Amino acid sequence: QVQLVESGGGLVQAGGSLRLSCAASERAVSSYSMGWFRQAPGKEREFVAASRWSGGITAYAESVKGRFTISRVSAENTLNLQTNNLKPEDSAVYYCAADRDYSISWSSTDYTNARSYDYWGQGTQVTVSS
């Protein structure tokens, strides 16, 4: 099965940046659609960004658009999320996920649904102070 390990989280002041990374097995980054989600205490898991398995297509939640960038480094089997101009409301555990079964239709908003993804990492904590 696909194994995903997130890293790069930490404590940063508002306006700062972090680069989150997801190391994947089974060549997942070059083979499957991938996504980033986040979950804050007491809240549901929230879509952040997604990258289609091919074609360079990406999508972002409105709350992060223009501030976050999802990218793939296929040669290193790594999915990255560059987070800029961080805000306190960005504080959450960030998870990467893989759609190994190709269930996502990119003609819809399937990529925003956590249930569309088959495999998940353990998450990395991002804390943004005021």
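Residues numbered from 1 in each chain as written. Predicted model: local features only at pLDDT ≥ 70, side-chain atom pairs only at ≥ 80, totals over all residues. Heavy atoms only, no water.

What about the overall build of the protein?
Heads up, the condition is: Secondary structure counts use DSSP, requiring at least four H or I residues in a row for a helix and at least two E residues in a row for a strand, with both numbered from the N terminus. The globule rule used for comparison is 2.2 Å times the number of residues to the exponent 0.38, while the radius of gyration itself is calculated over C-alpha atoms. Buried means the residue's accessible area, taken with a 1.4 Å probe over protein chains only, is under 20% of the maximum for its type, while exposed means over 50%, and partly exposed covers the values in between. Contact between two residues is taken to exist if any of their heavy atoms lie within 4.5 Å; hydrogens are not considered. We get accessible surface area from the Shrake-Rupley algorithm with a probe of 1.4 Å; when it comes to residues, only the shown protein chains can shield them. In this tally Asp and Glu are treated as negative and Lys and Arg as positive; neither His nor the chain ends contributes. A single reference atom marks each charge: NZ on Lys, CZ on Arg, CG on Asp, CD on Glu.
For the protein, the helix and strand inventory stands at one helix and 11 strands. Listed by position from the N terminus, the elements making up the protein come as β-β-β-α-β-β-β-β-β-β-β-β. Since a compact globule built from 130 residues should have a radius of gyration of about 14 Å, the 14 Å found for the protein is in line with a globular shape. The principal-axis extent of the C-alpha atoms belonging to the protein is close to 40 × 30 × 25 Å. Across the 130 residues of the protein, 45% fall into the buried class. Look at the contacts in the protein between residues 6 or more apart in sequence, and 59% of them connect residues 24 or more apart. Of the roughly 6,400 Å² that the protein leaves accessible, carbon and sulfur atoms contribute 44%. Considering the protein, the positive charge centre built from 12 side chains and the negative charge centre built from 12 side chains are found 4 Å apart.

Digging into the pairing of strand S4 (residues 33-39)
Here is the rule: At least two DSSP bridges between two strands are needed for those strands to be called paired.
Burial analysis of S4 places six of its seven residues in the buried class, the great majority of the element. The pairing of S4 with strand S9 (residues 92-99) spans seven bridges and is antiparallel. Note on S9: the bridge partner recorded for Arg38 is Tyr94. Between S4 and strand S5 (residues 46-51), which pair antiparallel in sequence order, lie six residues; one of them, Gly42, sits at a positive phi of approximately 80 degrees.

A look at the state of the cysteines
A covalent bond between the sulfur atoms of two cysteines is what we call a disulfide. Note the cut-off: For this text, the term disulfide refers to a pair of cysteine sulfurs within 2.5 Å.
Counting across every chain of the model gives one disulfide. For Cys22, the disulfide goes to Cys96, at an S-S distance of 2.0 Å. Disulfide Cys22-Cys96: the torsion about the S-S bond is 55 degrees, which places it as right-handed. Of this pair, Cys22 sits in strand S3 (residues 18-24) while Cys96 sits in strand S9; the two residues are 74 residues apart in sequence, bridging distant segments of the chain.

Observations concerning the pattern of salt bridges
As a reminder, the rule being used: Any carboxyl oxygen of Asp or Glu that lies within 4 Å of a side-chain nitrogen of Lys or Arg is treated as forming a salt bridge with it.
Counting across every chain of the model gives four salt bridges. Here Glu46 makes a salt bridge to Arg38, at a shortest N to O gap of 2.8 Å. Glu46 gets classed as partly exposed once you look at its relative accessible area, which sits at 35%. Look at Arg38 and you get buried, because its relative accessible area is 5%. A salt bridge links Arg38 to Asp90; the nearest nitrogen and oxygen atoms lie 2.9 Å apart. One end of the pair, Arg38, is in strand S4; the other, Asp90, is in the loop between strand S8 (78-83) and S9, with 52 residues separating them in the sequence. Looking at Asp90, the relative accessible area reads 1%, which means it is buried. Salt bridges linked by common partners bring Arg38, Glu46, Arg67 and Asp90 together as one network.

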